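# Inside the fold
Listed here are the chains, written in short residue letters.
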Number of protein chains: 2
Amino acid sequence: MSNPTSTAPTDTADAYIATWNETDAARRQAAIARVWAEGGSYRDPLMTSDGHAGIDAMVAGVQGRFAGFVMKRTSKVDSHNGSLRFGWSLGPASGPAVVEGVDFGTLGADGRLASIVGFIDKMPTA
Amino acid sequence: MSNPTSTAPTDTADAYIATWNETDAARRQAAIARVWAEGGSYRDPLMTSDGHAGIDAMVAGVQGRFAGFVMKRTSKVDSHNGSLRFGWSLGPASGPAVVEGVDFGTLGADGRLASIVGFIDKMPTA
């Protein structure tokens, strides 16, 4: 690629989403280590986690509770000044999404995710 | 109020938006000092600023270039874990908005804004 920096935030977002869909524990842990900074922090209205092991445990827990669900990116990746934003959905591989939201992320000096803060736009009522 | 913490992020967002609409320099500077932490940082795709004086200079510059424009909040204020999100528009006091976007913010320990990162959803083409 002649200009890798222009596509890097999109690649990072897609690599991040792929970690939510990787159910093989060893491959998921390796993918999380590639995309997240060591001290990375995840925050959404329902869950928080910190560091590679904490993030991996959170993702594994969601995969266990929502087997077969797939996370998909639903918007372009918008980025500037080391921050990025993209929409996503979570639900069965086919059929309408169950949960939809927006993730706001920040990148560390090496390009890996330093933080993700997620906001929910659609969620089933209890 | 019986539960001030539940409304604080909305109050903070509205006080922040009010700084963009305050054209009296002394009142605007005082309002910025109330709503922003000393080391607060603002980032959007077009502008960056840091600290009370830097943020005030940025806001004053926008007011000078777009006289009569008003910033309005266009969504509820969504908040968790010290972060907040809200939609906004900028344009003439009456008539359709010219620019629309979403601001993501983080709050410092004293409840003032530590950072705002803005993303643009609608902007006129040159």
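Let us look at the structure shown here. Each chain has its residues counted from 1, following the order in which its sequence is written. Chains carry letters and ligands carry numbers; both start at the beginning, A for chains and 1 for ligands, and go up in the order they are written. Selection of residues for local features in this predicted model requires a pLDDT of at least 70, selection of side-chain atom pairs for listing and counting requires 80 or more, and totals for whole chains, interfaces and linings are taken over all residues. Each side-chain value is worked out from all heavy atoms of the structure, with water and hydrogens disregarded.

## A short note on the side chain of Ser41 of chain A
All names here are of chain A. Note the following rule: Helical segments are the DSSP runs of H or I of at least four residues, strand segments are the runs of E of at least two, and each set is numbered from the N terminus. In this scheme, a residue with accessible area under 20% of its type's maximum is buried, one over 50% is exposed, and one in between is partly exposed, where area comes from a 1.4 Å probe on protein chains only. In what follows, residue pairs with any heavy atoms lying within 4.5 Å of each other are defined as contacts.
In this structure, Ser41 sits in strand β1 (residues 36-43). By relative accessible area, Ser41 is classed as buried at 17%. With sequence-adjacent residues up to four places away left out, Ser41 is seen in contact with Trp36, Ser49, Asp50, Ala114, Ser115 and Ile116.

## Some details on the environment of Ser79 of chain B
Within the secondary structure, Ser79 of chain B is located in strand β4 (residues 78-80). On a C-alpha basis, the gap between Ser79 of chain B and Met58 of chain B in space is 26 Å, while along the polypeptide they are 21 residues apart. The residues touching Ser79 of chain B, leaving out its near neighbours within four places in the chain, are Phe119 of chain A together with Pro9 and Leu84 of chain B.

## Considerations on the relation of the copies chain A and chain B
Each of the two chain copies can be generated from the other by rotation about an axis followed by a shift along it. Which entries qualify depends on this criterion: The superposition of copies rests on a least-squares fit of C-alpha positions from residues with pLDDT of 70 or more in both.
Under the fitted operation, chain A is carried onto chain B by 0.0 Å of movement along the axis and a turn of 180 degrees, and the coordinates agree to an RMSD of 0.0 Å. Here the symmetry operator amounts to a two-fold rotation axis. Taking C-alpha positions as reference, the residue of chain A nearest the rotation axis is Phe104 of chain A, located at 3.8 Å. When the interface residues of chain A are mapped onto chain B, 100% of them again lie at the interface, so the same face is used by both copies.

## With respect to the pairing of strand β5 (residues 83-92) of chain B
Residue and element names in this part refer to chain B. Applicable threshold: Pairs of strands are assigned from DSSP output, requiring at least two bridges between the strands.
Most of β5 sits out of view: nine of its 10 residues are buried. Inspection of the sheet shows strand β3 (residues 69-73) paired to β5 by five bridges, in the antiparallel sense. What sits directly across from Lys72, in β5, is Ser89. Taken together, the three bridges between β4 and β5 define a ladder with antiparallel strand orientation. If you follow Asp78 over to β5, its bridge partner there is Arg85. Looking at chain direction, β5 and strand β6 (residues 99-107) are connected through eight bridges and run antiparallel. Bridge pairing in β6 links Arg85 to Phe104. What sits between β5 and β6 in their antiparallel hairpin is a turn of six residues, with Gly95 showing a positive phi close to 100 degrees.

## Topic: the interface of chain A and chain B
Cut-off, in case you're wondering: What counts as buried area is the accessible surface, traced by a 1.4 Å probe, that two parts surrender upon association, with contributions from both included. A side-chain nitrogen of Lys or Arg and a carboxyl oxygen of Asp or Glu constitute a salt bridge if their distance falls within 4 Å. Under the rule applied, a polar contact is a pair of N or O atoms within 3.5 Å (in protein, one hydrogen donor and one hydrogen acceptor; residues adjacent in sequence only if both atoms are side-chain atoms).
With 18 residues of chain A at the contact, the number on the chain B side is 18 residues. Buried surface at the junction of chain A and chain B, summed over both partners, amounts to about 1400 Å²; 65% is from carbon and sulfur atoms. Considering only the side of chain A, the residues that lose the most area to chain B are His80, Arg85 and Phe119 of chain A, jointly responsible for 48% of the buried surface there. Between the two partners, chain A and chain B, sit two salt bridges. One can count six residue pairs in polar contact (both at pLDDT 80 or more) joining chain A with chain B.

## Remarks on the pairing of β1 of chain A
Working note: regular strand, side chains alternate between the two faces of the sheet. Residues and elements named next belong to chain A. Relative to strand β7 (residues 113-122), β1 runs parallel, the two sharing four bridges. Of the residues in β7, the one forming a bridge with Tyr42 is Ile116. Relative to strand β2 (residues 48-50), β1 runs antiparallel, the two sharing three bridges. Looking across to β2, one finds that Tyr42 is bridged to Ser49. In this structure, the hairpin formed by β1 and β2 is closed by a connection of four residues.

## Some thoughts on the pattern of salt bridges
Pairing between side chains becomes possible if they bear opposite charge and their charged atoms approach one another. Counted according to the given criterion, the structure contains 18 salt bridges over all chains. The partner of Glu38 of chain B in a salt bridge is Arg112 of chain B, with the nearest N and O atoms 2.7 Å apart. In this pair, Glu38 of chain B is assigned in strand β1 (residues 36-43) and Arg112 of chain B in the loop between β6 and β7 (113-122), connecting sequence segments 74 residues apart. The class for Arg112 of chain B is buried, based on a relative accessible area of 18%. Ionic pairing is found between Asp50 of chain B and Arg43 of chain B, a salt bridge with its closest N-O pair at 3.2 Å. Using a relative accessible area of 44% as the deciding quantity, one classes Asp50 of chain B as partly exposed. On the basis of relative accessible area, Arg43 of chain B is assigned to the partly exposed category, the value being 21%. Through salt bridges with shared partners, one network takes in Lys76, Asp78 and Arg85 of chain A together with Asp121 of chain B.

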